[in-house]
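# Survey of secondary and tertiary structure
The lines below spell out each chain.
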Amino acid sequence: MDFELNEDQRAFADTAHQFALEQLSPMAAEWDEKQFFPKEVLRQAGELGFLSLYTPEAQGGLGLSRLDSSIVFEQLSMGCTSTTAFMTIHNMVNWMIASFAKPEVTEHFCPKLVSGEWLGSYCLTEANAGSDAAALATSATKVEGQYILNGAKSFISGAGETDVLLVMARGAKGVSAFVVPANAAGVTYGRKEPKMGWNSQPTRGITFDNVAIPASYLLGEEGQGFTFAMKGLDGGRINIATCSVGTAQQALNQAMLYVQERKQFGKPIAQFQGLQFKLADMVTELVAARQLVRYAAPKLDQQDPEASAYCAMAKRFATDVGFAVCDQALQLYGGYGYIKEYPMERYFRDVRVHQILEGTNEIMRVIIARRLLADGAELL
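These remarks concern the structure in this document. Everything quoted here is computed from the prediction, not taken from an experiment. Position numbers for residues start from 1 in each chain and track the written sequence from start to end. Local features are withheld for residues below a pLDDT of 70 in this predicted model, meaning they are given only at 70 or higher, and side-chain atom pairs are given and counted only at 80 or more; totals for whole chains, interfaces and linings count all residues. Hydrogen atoms and water are omitted, and side-chain values are computed over all heavy atoms in the structure.

This part covers the packing of helix H8 (residues 307-332) against helix H9 (residues 344-352). Between the N-to-C directions of two axes lies an angle of 0 to 180 degrees, each axis being a line fitted to C-alpha atoms and, for a helix, fitted only over the stretch in contact. Put simply, DSSP marks the helices as runs of H or I at least four residues long and the strands as runs of E at least two long, and each gets a number from the N terminus on. Interaxial distance between H8 and H9 falls to 9 Å at its minimum, and their mutual angle equals 160°. What the angle tells us is that H8 and H9 run roughly antiparallel. At the point where H8 passes H9, the crossing takes the left-handed sense. Two secondary-structure elements touch here, H8 through Gly322, Phe323, Cys326, Asp327, Ala329 and Leu330 and H9 through Met344, Glu345, Tyr347, Phe348, Val351 and Arg352. Throughout this description, any angle smaller than 35 degrees is read as roughly parallel, any larger than 145 degrees as roughly antiparallel, any in the 65 to 115 degree range as roughly perpendicular, and the remainder as oblique. Each crossing gets its hand from how the near helix is turned against the far one by less than a right angle, where anticlockwise is left-handed and clockwise is right-handed. Any two residues whose heavy atoms approach within 4.5 Å are treated as being in contact.

Below you can see the structure in the form of structure tokens.
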């Protein structure tokens, strides 16, 4: 088994690294402080294909594997965790429309989603349907060639600033997925939530009050929405695990520089064995997390029957490790890690939510254990 990146993957990584260095990193602290959603930078990301990494080529995307996409997201997240996380959400919306919508719908929406002219939000979570996604109550009723949507969604990334909503709603045959223009009549947005992190992207609730959309805006067939949502979440778990790895890597990189420059008791603190042990554990666990993510991603590409369990394992482990590494990197900075002049406290705040979204890490453990205990299941 070859763990090295091939030539194409290195080229993708280099391009993403350069974009992160030039366009994301210099502004990340300001976007965080001002809670600014960088639409123009996102459009620039679209021009490079970063908003359609695994969208099929037939719909204008790059058609990359989930592994290749993960390599790109890791580099981008080293520049700005929050903005990259939004890119992963947009990628999921773009991919779902390109993969499951009717041809006339993909022709209308995908070119502008691919370019970044339009941005997308994924609308699954509700106040009483978080971990229990199957319990969602937003309804879709078919009336005279249209669907009428009623209900509310919570914690929607980009809401109020995006142009396209991918909405999961319950109809006569179960949960279905719909494309909804963000400015459709009857769509209203709640306040922008004040958050601990992820401040370069707005988070709001959305209310749907008799929102009418063409019947053709249904993805796939009625009742297939939950299947689409679970497929989206498997990929989303790889994506958010990757954002944790990339952020933690950047935190470790900066901590390495700091401990070699910071002196106490007449020598750099990097020379103290206790800190060396801490660094050794940080990098060991980070490498293990990266490799688990890169092991799970191809299983999703290959539609392995155990892909969901491996995506859950990767998400659980990488987001826990990512947070722990950022926490320890902040500790190595001492008091300086706690003030906003340095990026450590932002890394810490931004990665904390990764243990909650795309399925909490407690739910990841449930998924893993159920597969492990299933009759005949072998996770090797």
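Here we take up the pairing of strand E1 (residues 120-123). The cut-offs for exposure are 20% and 50% of the maximum accessible area for each residue type, with area from a 1.4 Å probe on protein chains only; residues under the lower value are buried, those over the upper are exposed, and the others partly exposed. A two-sided burial pattern is seen for E1, the buried positions comprising Gly120 and Tyr122 on one face and Ser121 and Cys123 on the other. Strand pairing is assigned whenever DSSP detects at least two bridges linking the two strands. The pairing of E1 with strand E4 (residues 164-171) spans four bridges and is parallel. Each bridged residue has a counterpart across the sheet, and for Ser121 the counterpart in E4 is Leu165.

Our focus in this paragraph is a nonpolar patch on the surface. Without a salt bridge and with relative accessible area above 30%, a residue can belong to a patch; like charges are then joined within 9 Å and nonpolar side chains (Val, Leu, Ile, Met, Phe, Trp, Tyr) within 5 Å. Calculation of accessible area relied on Shrake-Rupley with a 1.4 Å probe; when residues are assessed, cover is drawn exclusively from the protein chains displayed. The salt bridge definition used is simple: a Lys or Arg side-chain nitrogen within 4 Å of an Asp or Glu carboxyl oxygen. Side chains of Tyr336, Tyr338 and Ile339 sit close together on the surface and give an oily, nonpolar patch of about 350 Å² of accessible area. Examined against the element boundaries, Ile339 turns out to sit in the loop between H8 and H9. The class of Ile339 is partly exposed, set by a relative accessible area of 35%.

Let's shift gears to the packing of helix H7 (residues 273-301) against H8. Axis separation between H7 and H8 bottoms out at 8 Å; the angle between their running directions is 155°. Relative to H8, the element H7 lies roughly antiparallel. Judged by the twist between their axes, the crossing of H7 over H8 is left-handed. Charged residues are taken to be Asp, Glu, Lys and Arg, nonpolar residues to be Ala, Val, Leu, Ile, Met, Phe, Trp, Tyr, Cys and Pro, and polar residues to be all remaining types, Gly included. Its residues placed into classes, the contact of H7 with H8 shows 22 nonpolar, one polar and three charged.

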